[in-house]
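# Coordinate inspection notes
So you can see what is in the structure, the chains are spelled out below.
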Amino acid sequence: MLTWEINPGRPALTRAPALAGMAEAGEWLLAAAPELRTALHEHGVVFLRGLPVAGTADIATVRDILLPNRTPYREKATPRSDFGDGVFSSTDLPPAQSIRMHNENSYTLTFPGLLLFACLIAPAEGGATPVADCRQVLKELPPHLVDRMKSSGWTLTRTYSDYVSLGWRTAFGTEDREEVEAYCRENLISWEWLPDGNLRTSQLRSGTISHPETGDEVWFNHLAFWNEWSLEEDVREALTEEFGSDGLPFNTGFGDGEPVTAEDVAALNAAYAAATVRETWQRGDVMLVDNVLAAHGRDPFRGDRKIAVAMGEPLDVLDCRPSVRPAAGV
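Cut-off values and rules
- Residues numbered from 1 in each chain as written.
- Predicted model: local features only at pLDDT ≥ 70, side-chain atom pairs only at ≥ 80, totals over all residues.
- Heavy atoms only, no water.
- Helix = DSSP H or I, 4+ residues; strand = E, 2+ residues; numbered from the N terminus.
- Buried < 20%, exposed > 50% of the residue type's maximum accessible area, 1.4 Å probe, protein only.
- Contact = heavy atoms within 4.5 Å.
- Areas by Shrake-Rupley, 256 points an atom, 1.4 Å probe, with all protein chains shown as cover.
- Pairing = 2+ DSSP bridges.
- 1 Å grid on protein atoms, 1.4 Å probe; cavity = no way out; pocket = protein on both sides within 12 Å on 5 of 7 lines; lining within 4 Å.
- Points joined across faces, edges and corners; volume = space filled by probe spheres on them.
- Nonpolar A, V, L, I, M, F, W, Y, C, P; charged D, E, K, R; others polar.

## A closer look at the overall build of the protein
A tally of regular secondary structure across the protein gives 8 helices and 21 strands. Projected onto its principal axes, the C-alpha coordinates of the protein cover approximately 60 × 45 × 35 Å. By residue count, 55% of the 330 residues in the protein fall in the buried class. Of the contacts made within the protein by residues no fewer than 6 positions apart, 80% connect residues no fewer than 24 positions apart. Taken as a whole, the protein presents about 14400 Å² of accessible surface, with 50% of it coming from carbon and sulfur.

Dropping the structure here:
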């Protein structure tokens, strides 16, 4: 029987008993797994403290017990370091940059149902991985935004570049244009090869889905995360001047073709903020996130920080009762 610490503004946390090593930790995790899954369904995220996790091999061991079915990283969008055996850095973006709330790979047709974060080096200041309950986000949002997303969904347009964000070869893991086109056809993505050799894609996705086990309806998308109004003003102006509004590395819109306004993004970010909890990382901490029930982000930090992530329990969006059936963009 696990003992849970439930405190306002912080995720549900349980502490492992004194364990001699990873072999003993594995036995404890195996026994605790059903209760951990129950807690995940209730809270969307659970924190495990006190495990003897000291390296990426230990993280892989925990992953194989709690997330035995791995999910590959598809349609890559941010730089990550590959630590091997399906374990990656959570992100390699600059420490001063915050990362807004998002559900991992919400724009892909198959996405991870569970995420496992683990702390190998805790930063001296900041650097938490905040999480937000997407059931609460849905309740906090203005009804007109929810209704619009349920009826039309959202679009993601990406313009790939080796100089800004990621190039298409890195994002799709191939040098072969035909392989990219085959992937796009299979995954309901429209594409256009640009005169400079770069790629532009567009896809329509649902903005709300339902959890396949609990049935809870949730806000599930990257609408605010990749919208132009989420960029710092000087960055947005510089990118727009350089590439034009239709050439930004990422941009989002409503599925009916209407743009997202600055006011829409402000409302979305306020809803995420109202639903957010966070815990200060300690070395060896493990955090499990139900990727449907909870979004996650990253706080800016100072000092060294090494948070690894593994993804598992793949889900097909059509098994999650999307409000809008996924389709290729226009």
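## Regarding the sheet that holds strand S9 (residues 131–133)
Strands sit in the order S6-S18-S9-S16 across an open sheet of 4 strands; the sheet is antiparallel. Two strands bound the open sheet, and with one partner strand each, they are strand S6 (99–102) and strand S16 (276–277). By the bridge criterion, 3 bridges tie S9 to strand S18 (residues 294–298) in an arrangement that is antiparallel. When the sheet's bridge partners are listed, Val131 is paired in S18 with His296.

## A short note on the environment of Leu40
With respect to the element layout, Leu40 can be found in helix H1 (residues 22–43). Separated by 197 residues in sequence, Leu40 and Glu237 place their C-alpha atoms 41 Å apart. Not counting residues within four places of it along the chain, the set of residues in contact with Leu40 comprises Val45, Val46, Leu114, Leu288, Val289, Asp290 and Leu293.

## Points about the layout of surface pockets
One number sums up the size of the largest pocket: a volume of about 700 Å³. Lining the largest pocket are 23 residues; nearest its centre among them are Leu93, Gln97, Phe225, Trp226 and Leu231. Put simply, the parts of the chain that give the lining of the largest pocket at least two residues each are S6 and helix H7 (233–243). Per-class residue counts for the lining of the largest pocket are 15 nonpolar, 6 polar and 2 charged.

## A few points about the environment of Thr174
Relative to the helices and strands, Thr174 is located in the loop between helix H5 (168–172) and helix H6 (177–186). For the pair Thr174 and Ile189, spaced 15 residues apart in sequence, the C-alpha to C-alpha distance is 17 Å. Residue contacts for Thr174: discarding those within four places in its chain leaves Trp168, Arg169, Glu179 and Val180.

## A short note on unusual backbone geometry
Positive phi, close to 45°, is recorded for Glu75, a residue that is not glycine. With respect to the helices and strands, Glu75 occurs in the loop between helix H2 (56–66) and strand S4 (82–84). Unlike most non-glycine residues, Leu188 shows phi in positive territory, near 55°. Mapped onto the secondary structure, Leu188 falls in the loop between H6 and strand S11 (190–193). Leu188 sits in the partly exposed class, given a relative accessible area of 32%.

## A look at the pairing of strand S7 (residues 110–121)
Burial analysis of S7 places 10 of its 12 residues in the buried class, the great majority of the element. Summarising the sheet, S7 and strand S17 (residues 286–290) pair through 5 bridges and their orientation is antiparallel. Opposite Leu114, over in S17, you have Asp290 as the bridge partner.

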